[in-house]
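# Descriptive analysis of the structure
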Amino acid sequence: MSNENPGRDSIQRNNFQDGSTTVRPGEELDWTKLESYLCRHLPDASGPLTVQQFPSGHSNLTYFISLAKIGTGEPLELVLRRPPFGSKVKSAHDMGREYRVLSRLTLHSVYPAPRPMLYCDDASIVGAPFYLMERLRGIILRRNLPPGLEINPDTARKLDEAFITGLVRLHSLDYNAIGLGDLGKPEGYMERQVNGWIDRYHKSKTHELPEVEQVAGWLKGHLPQPCPATLIHNDYKFDNMILDSTDITRIKGLLDWEMCTIGDPLSDLGTALGYWVDPHDPPEFQAIHWGPTMLEGSLTRKQLVQRYAEQTGRDVSRMVFYYVFALFKTAVVVQQIYYRYHHGLTNDQRFATLMDVANVLLNKAIQSIDANEV
């Protein structure tokens, strides 16, 4: 039985909404040019423009933009997203794709997501294509809970249940009905994914990692039979979710849709599992946890798989493949980010130790293969 006071808890959680801070050095944009562009293209917007940056995340750059509403002077709060500086992987930072997905989801009100406001493919404004969306306020759970935020075992369990139900709901959408039927090519999806991510690793290689060839070879030799395709997010995890500050088990909006496509839903579940750390995992894997998945009352990876299978009826007997692929894919993403740091394309010091993270992920993949379990 929960001993929380719901009213008091709701008030306290309002203090843990995701915040922004000053822009990191080297990631400033041409604010004067941006203000002029926005005031011309947003019908109710006027200056002055104020800008902060959301400090988390390792990929696309996300800024908090504030203008004034013409006539009232009330703040117009928006979020701007653009690709990272120095990225070699254009397909992973497709702002137009993300804008389109959000437009279709919100137009049909079929899934919780922020409403997109404006897309710009003129790279002369901020140095790359970008888009604007409404700012949804709420709680985003990152690596560690904010100081003072407590989640009891009952709430942790309900939060994890909502997490997997949100994924099930996404996979149940009729992507043709909402105008996204041409978003991807489901035939041969997993084979293309495996080969594509192996190729991405070699294009971003900076050091010799013998574990790469071991895991890559296993993936090539264990491709599963294709699963009927659904709309998939491809980066489903806690820090891409905005949770209601009055009910932390309710998802207000899912973020980061630029890799959304039509493909194997079990690969989406595998990606979610790849970010999920259990209490029995090796210490080095626990050290790189992506979110609060080890709270008392939390579901384990196996329990998430079981719950997904119960709600969808899908055969999950090959989940080890999808889990190993997710770990490999994340290791390659980490390698791509480290490549930018290694070659001086970003000065973000958070990236300096990412080679160690890639090694941990690859070793975890090998352990999963040997144990034949997620």
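Look above for the structure.
### Structural notes on the overall build of the protein
Across its full length, the protein carries 11 helices and nine strands. Computed over the C-alpha atoms, the radius of gyration of the protein is 21 Å, within 12% of the 21 Å expected from 2.2 N^0.38 for a compact globule of 374 residues. With the C-alpha coordinates aligned to their principal axes, the bounding extent of the protein is approximately 65 × 55 × 45 Å. Here the protein holds 374 residues, and the buried ones make up 53% of them. Nonlocal contacts in the protein, meaning residues at least 24 apart in sequence, comprise 73% of its contacts between residues at least 6 apart. Summed over all atoms, the accessible surface of the protein reaches about 16,500 Å², with 50% contributed by carbon and sulfur.

### Some details on helix α7 (residues 265-274)
Among the 10 residues of α7, 10 are classified as buried, and the element is accordingly described as predominantly covered. Along α7, the residues that are buried comprise Pro265, Leu266, Ser267, Asp268, Leu269, Gly270, Thr271, Ala272, Leu273 and Gly274. The N-capping residue of α7, defined by a side-chain oxygen 2.9 Å from the backbone nitrogen of leucine 266, is aspartate 264.

### So, the side chain of glutamine 335
Locating glutamine 335 in the fold gives a position in helix α10 (residues 319-342). Glutamine 335 gets classed as buried once you look at its relative accessible area, which sits at 1%. In this structure glutamine 335 touches Tyr201, Ser204, Lys205, Thr206, Leu209 and Met355, once residues within four positions along its chain are discounted.

### Brief notes about helix α3 (residues 95-108)
A rise of 1.5 Å per residue sets the reference length of α3, with its 14 residues, at 20 Å; its end C-alpha atoms lie 20 Å apart and thus fit the reference within 8%. Among the residues of α3, those classed as buried are Met95, Glu98, Val101, Leu102 and Leu105. Mapping the buried residues of α3 onto a view down its axis gives an arc of 130 degrees, with all of them on the same face. Buried residues in α3 make contact with β3 (75-82), β4 (116-120), β5 (130-134) and β6 (230-232). Its side-chain oxygen at 3.1 Å from the backbone nitrogen of glycine 96, aspartate 94 defines the N-terminal cap of α3.

### Here we look at the pattern of salt bridges
All told, the structure shown has 18 salt bridges when counted by the stated rule. Note that aspartate 256 is salt-bridged to arginine 81, the shortest N-O span being 3.0 Å. Note that aspartate 256 is positioned in the loop between β8 (247-254) and β9 (261-263) and arginine 81 in strand β3, a separation of 175 residues in sequence. Accessibility expressed as a relative area gives 19% for aspartate 256, which makes it buried. Sharing partners across several salt bridges, the network here consists of Asp154, Arg157, Lys158, Glu161 and Arg307.

### Considering the environment of glutamate 35
Note on placement: glutamate 35 falls in helix α2 (residues 31-41). The spatial distance from the C-alpha of glutamate 35 to the C-alpha of serine 204 is 35 Å, given a sequence separation of 169 residues. Those residues within four positions of glutamate 35 in sequence are excluded, and the remaining contacts are Gly47, Pro48 and Leu49.

### Focus: the packing of helix α5 (residues 189-203) against helix α6 (residues 210-221)
Between α5 and α6, the least distance of the axes is 10 Å, while the angle of their chain directions is 165 degrees. Compared by their axis directions, α5 and α6 come out roughly antiparallel. Crossing of α5 over α6 shows left-handed handedness. Touching Val194, Asn195, Ile198, Tyr201 and His202 of α5 are Val212, Glu213, Ala216, Leu219 and Lys220, all from α6. Of the residues assigned to the contact of α5 with α6, the class counts are six nonpolar, two polar and two charged.

How each quantity is defined
- Residues numbered from 1 in each chain as written.
- Predicted model: local features only at pLDDT ≥ 70, side-chain atom pairs only at ≥ 80, totals over all residues.
- Heavy atoms only, no water.
- Helix = DSSP H or I, 4+ residues; strand = E, 2+ residues; numbered from the N terminus.
- Rg over C-alpha atoms; globule rule 2.2 N^0.38 Å.
- Buried < 20%, exposed > 50% of the residue type's maximum accessible area, 1.4 Å probe, protein only.
- Contact = heavy atoms within 4.5 Å.
- Areas by Shrake-Rupley, 256 points an atom, 1.4 Å probe, with all protein chains shown as cover.
- Polar contact = N/O pair within 3.5 Å; in protein donor to acceptor, adjacent residues only side chain to side chain.
- Expected span 1.5 Å × (residues − 1).
- Arc of directions from axis to C-beta.
- Salt bridge = Lys/Arg side-chain N within 4 Å of Asp/Glu carboxyl O.
- Axes fitted to C-alpha atoms, helices over the stretch in contact; angles between N-to-C directions.
- Parallel < 35°, antiparallel > 145°, perpendicular 65-115°, else oblique.
- Left-handed = near helix turned anticlockwise from the far one by under 90°.
- Nonpolar A, V, L, I, M, F, W, Y, C, P; charged D, E, K, R; others polar.

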